[in-house]
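Residue strings, one per chain:
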Amino acid sequence: MTDGRNQQRTLVLLRHAKAEQPRDAPDAERPLTARGHADAAAAGAWLARHAFLPDLVLCSTTRRTRQTWHSVALGMTGSPPEGGPAGSAPAVRYEAAVYQAQPHDLLELLRGVAPGTGTVLLIAHNPGISLLSGLLDPQRADPDGLRTSDLVVHRPTSRWAALAPTAAPITARHTARG
């Protein structure tokens, strides 16, 4: 493991995929729709095709974000035309604090990432995930925020521990549709 000073870091933000509308169950228990599963798998295929495979996944504990991660992981391991092999499995941390988190809370979570970690995938909710993207790169962030299954790739210019507002330019974005 390196000390993280000279390593290129990549932060991929992913808003969870399309979920069922609220019914009688609590919001945190809303499952993905069939389209949501397909879109999340397409997001995984896009990550694999563009070599944005995560070393670490930080994921909200809600049902829809956990299902999003599961479908993304399946999409990353598809055959080459669908995304290609994903390589070694990332470490996955389910973080309750990500649900309803504000952008500064998410930033603080990211500052705790181990220095040698290259690529982090954060799967979270609006408005926090959209506001975090805007905080990291206000000039290039989409003013309308992230839609379901939107991926935004940021390249932090500092160590994880020193991640700060305006210090992670957006280098790619994609709306995954399966």
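Residues numbered from 1 in each chain as written. Predicted model: local features only at pLDDT ≥ 70, side-chain atom pairs only at ≥ 80, totals over all residues. Heavy atoms only, no water.

Would you mind showing me how to read the packing of helix 1 (residues 34-49) against helix 2 (residues 63-76) here?
A pair of packed helices is characterised by two quantities: the angle between their axes and the separation of those axes. Relative to each other, helix 1 and helix 2 sit at 45°, their axes nearing to 6 Å. It follows that helix 1 is oblique to helix 2 by the angle criterion. Handedness of the crossing formed by helix 1 with helix 2: right-handed. Two secondary-structure elements touch here, helix 1 through H37, A40, A41, A43, G44, A45, L47 and A48 and helix 2 through Q67, T68, S71, V72, G75 and M76. (Axes fitted to C-alpha atoms, helices over the stretch in contact; angles between N-to-C directions. Helix = DSSP H or I, 4+ residues; strand = E, 2+ residues; numbered from the N terminus. Parallel < 35°, antiparallel > 145°, perpendicular 65-115°, else oblique. Left-handed = near helix turned anticlockwise from the far one by under 90°. Contact = heavy atoms within 4.5 Å.)

Even after reading the chapter, I still don't get the environment of V92, so can you show me in this structure?
Locating V92 in the fold gives a position in strand 3 (residues 91-95). In this structure the C-alpha to C-alpha distance between V92 and D105, which are 13 residues apart in sequence, comes to 19 Å. If near-sequence neighbours (up to four positions away) are discounted, V92 is found in contact with V57 and W69.

What should I look at first to understand the confidence of the model for the protein in this one?
Should pLDDT be low for a region, the predicted coordinates there are not to be read in detail. Per-residue confidence for the protein gives a mean pLDDT of 92; residues scoring 70 or more make up 91%. Below pLDDT 50 for its whole length, residues 79-84 participates in 14 contacts with residues either more than four positions away or in separate chains. (pLDDT = per-residue confidence, 0-100.)

So what exactly am I meant to see when it comes to the sheet that holds strand 2 (residues 56-60) here?
Picture the strands of a sheet paired through backbone hydrogen bonds; they go either parallel or antiparallel. The strand order across the open sheet built from six strands is 3-2-4-1-5-6, with neighbouring strands paired in mixed fashion. Looking at the sheet topology across the chains shown, the edges are occupied by strand 3 and strand 6 (170-175). Averaged over all neighbouring strand pairs, the angle between strand axes comes to 15°, with direction disregarded. Both strand 5 (residues 150-154) and strand 6 contribute to a ladder of five bridges, which runs antiparallel. Following the sheet pairing, H154 is matched in strand 6 by I170. The sheet strands contacting helix 1 are strand 1 (10-15), strand 4 (119-124), strand 5 and strand 6, and the helix crosses strand 5 at an angle near 30°. Along the sheet, helix 4 (residues 128-136) makes contact with strand 1, strand 4, strand 5 and strand 6, crossing strand 1 at roughly 150°. (Pairing = 2+ DSSP bridges.)

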